[in-house]
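Structure assessment
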Amino acid sequence: ELKEIVFIIQSQSNSFHSKRAEDLKRDILKQAADLGKELPTVLLIHQMDGLEGAWTILPLMRDFSVTYGRNSSWIFFCEEDTRVQVVKLLETLGRFDRSKEWFLGKALYDEESTIIHHYAFAENPTVFKFPDFAAGWALSIPLVNKLAKKLKSEPLKSDFTIDLKHEIALYIWQKGEGPHLTPVPEFCTDDVNSNKVDHCATTFSNFLPLCGEPVKKEDVFVAVKTCQKFHGDRIPVVKQTWEREAALIEYYSDYADTSIPTVDLGVPNTDRGHCGKTFAILERFLNHSSPRTPWLVIVDDDTLISIFRLRKLLSCYDPNEPVFLGERYGYGLGTGGYSYITGGGGMVFSRTAVQKLLASKCRCYSMDAPDDMVLGMCFSGLGIPITHSPLFHQARPMDYPKDYLSHQIPVSFHKHWNIDPVKVYFTWLAPNTEESLKGKKVGYNREDL
C-alpha cells in the first residue's frame, strides 16, 4: 500500500531548494490522490528537528524506527530533482519481500580506488556498490529497525562525512554482516523526457539549473588563493583555461608578482590550512570591491572551474540571502558537529553572507587552521545553513563513477595530480568543449579522463 511508504526528500532550507522540494512533495501527494489511495507520508529533511546532521540520514534512523517501525514497509529517499512515478514505484517495491532486510538503489561503483573513499576495496573497488541518490533509494523497515538498534548501542563515529552515498552503503554493509545494495533497474537517472524511461519508477530532471538570465560577469568576483612556489606551474593553467571567463579576478599570494599580477595580503604562506589568508580575502572583498558586486568565489590555484556555468547556477539564488554554496562535507555530525563547504571545489558567498560573517567576530583560531572548516563552524554558529550543490567537486573527474557524472553539467573539479589539467578543463568545463585552444579546435573524449 502507498501509505506504507515514507518518502524522505533530501531538501535544503535555501529558498530556491526548499521550493523545489515542496514542488516534488506536492507532485507525489497529487499522484497519490489521483490514484484514490490513502496518502503517504512525505518529509523534507531540512524541516526535521533542526538537526544539523539530518542530511547524513543515519542519525535519523532511530526516529524513523520509533515513528514508522510498526505501520510502514519502506523508507524511500530521493533528491529534490528526482522525479517519481508513484504507480511504477509501488509495482517495483512490490517485487521485494518487505519482511526482509533490503537496501535498494541504482548501483554506482568505483573503477579504481580513490582518496575520497579512503582507497576502499583497493584490490578491486568495482565489487562494492553504492546508490546514486539522484535515482532514489529505499530501505525496508526491518533494515531500518536493525540500523536503529545498532546506532543505539554503537553511536556514530564523529569524524568526516565526505561522500555520503558511499559511507551509508559501507555502514549498512557492516563488513559483510549486513546487506549489499541490490541494484534496481527501475531506479533511473535518465532525463524525464528521454525515450529510455518507459520502465523507470524514477527519473532525474536536473543537469544545470537556470532560473532566468545568467548573472552578469561583473557580478562575480573571483579570488584565487596561491603562493609563490606555485606561481610557475599552477597559475599558467588558470590563465590557459578559465581566467578568460572571469571579469573580476585577483590572485592572492605571499609574494607580489607583477607579471601575474598577484596581491600580497601580508599573510605568510602556511603548509596546512589557509584560514588567515581566506579571512583577509573576505575583508578585502567587503571593504575594497564594489558594493554592487553581489557574489564572491574563492578557489585554490589548482581548482578548475567554469565561471560561465556558475553564472547560470547563481541565477537561481537570491544574493540578498546569506548564501554559502559549494560541495558539502560534514565533521562530527553524529555528536553535534557542523557542515562545511570543502574549499577545493570552490566556495561561493553572497555579499550578505560575508557581511554577516565578518560582523559576527567569528575568526580563525590559528592562522593555519583549515579555512573551510572554520567557515563551517562560523556559519553554523550564526544559524546560517550552508547550501550544497553536487556540481562542485573536491577531486578529479576520474575519482567519480562515470555514471554519476553523466547526469551532471559540472561547475568545478580540483587537483592536478596525474592528469593534464588543461585537457580536463576543455573536456569537462569549457563553455563549449570544442573550444579553441591556440587557434586549434580541440575535442577530447571524456572516457580518457
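Residues numbered from 1 in each chain as written. Predicted model: local features only at pLDDT ≥ 70, side-chain atom pairs only at ≥ 80, totals over all residues. Heavy atoms only, no water.

Per an unreviewed UniProt entry, the chain carries the name Beta-1,3-glucosyltransferase and comes from Rostratula benghalensis. Under the heading Pathway (unreviewed entry), UniProt records this for the chain: "Protein modification; protein glycosylation." Turning to the chain, the UniProt record has this under Sequence similarities (unreviewed entry): "Belongs to the glycosyltransferase 31 family." (UniProt positions renumbered as here; feature names shortened; annotations may be inferred.)

Bringing helix 1 (residues 15-34) into the picture now. A turn of α-helix holds 3.6 residues, and therefore any two residues three or four places apart point the same way. The first and last C-alpha atoms of helix 1 sit 28 Å apart over 20 residues, in line with the 28 Å expected at 1.5 Å per residue. Within helix 1, burial applies to Phe 16, His 17, Ser 18, Ala 21, Leu 24, Ile 28, Gln 31 and Ala 32. Where helix 1 is buried, its residues meet strand 1 (5-10), strand 2 (41-44), strand 3 (74-79), strand 4 (82-84), helix 3 (86-94) and strand 21 (387-388). Here helix 1 starts with a cap whose side-chain oxygen sits 3.0 Å from the backbone nitrogen of Phe 16, and that cap is Asn 14. (Helix = DSSP H or I, 4+ residues; strand = E, 2+ residues; numbered from the N terminus. Expected span 1.5 Å × (residues − 1). Buried < 20%, exposed > 50% of the residue type's maximum accessible area, 1.4 Å probe, protein only. Contact = heavy atoms within 4.5 Å. Polar contact = N/O pair within 3.5 Å; in protein donor to acceptor, adjacent residues only side chain to side chain.)

Before going further, it helps to examine helix 7 (residues 275-288). With 14 residues, helix 7 extends 19 Å from end C-alpha to end C-alpha; this agrees with the ideal 20 Å at 1.5 Å per step. Taken as a whole, helix 7 has its buried residues at Cys 275, Gly 276, Lys 277, Thr 278, Phe 279, Ala 280, Ile 281, Leu 282 and Phe 285. Contacts made by the buried residues of helix 7 are with strand 12 (220-225), strand 13 (248-253), strand 15 (295-300), strand 20 (347-350), helix 9 (351-359) and helix 10 (371-381).

The next thing to look at is the packing of aromatic side chains. Tallied over the full model, the rule gives 22 aromatic pairs. With a centroid separation of 6.2 Å and 55 degrees between ring planes, the pair formed by Phe 64 and Phe 77 is classed as tilted. One end of the pair, Phe 64, is in helix 2 (residues 61-68); the other, Phe 77, is in strand 3, with 13 residues separating them in the sequence. Seen from their ring centres, Phe 128 and Trp 173 are 5.7 Å apart, and the 65 degrees between their planes marks the pair as edge-to-face. Of this pair, Phe 128 sits in the loop between strand 6 (107-108) and strand 7 (130-131) while Trp 173 sits in helix 5 (residues 164-173); the two residues are 45 residues apart in sequence, bridging distant segments of the chain. Residue Phe 128 is classed as buried on the basis of its relative accessible area of 2%. Since its relative accessible area comes to 18%, Trp 173 is described here as buried. (Phe/Tyr/Trp six-rings, centres within 6.5 Å; stacked < 30°, edge-to-face > 60°.)

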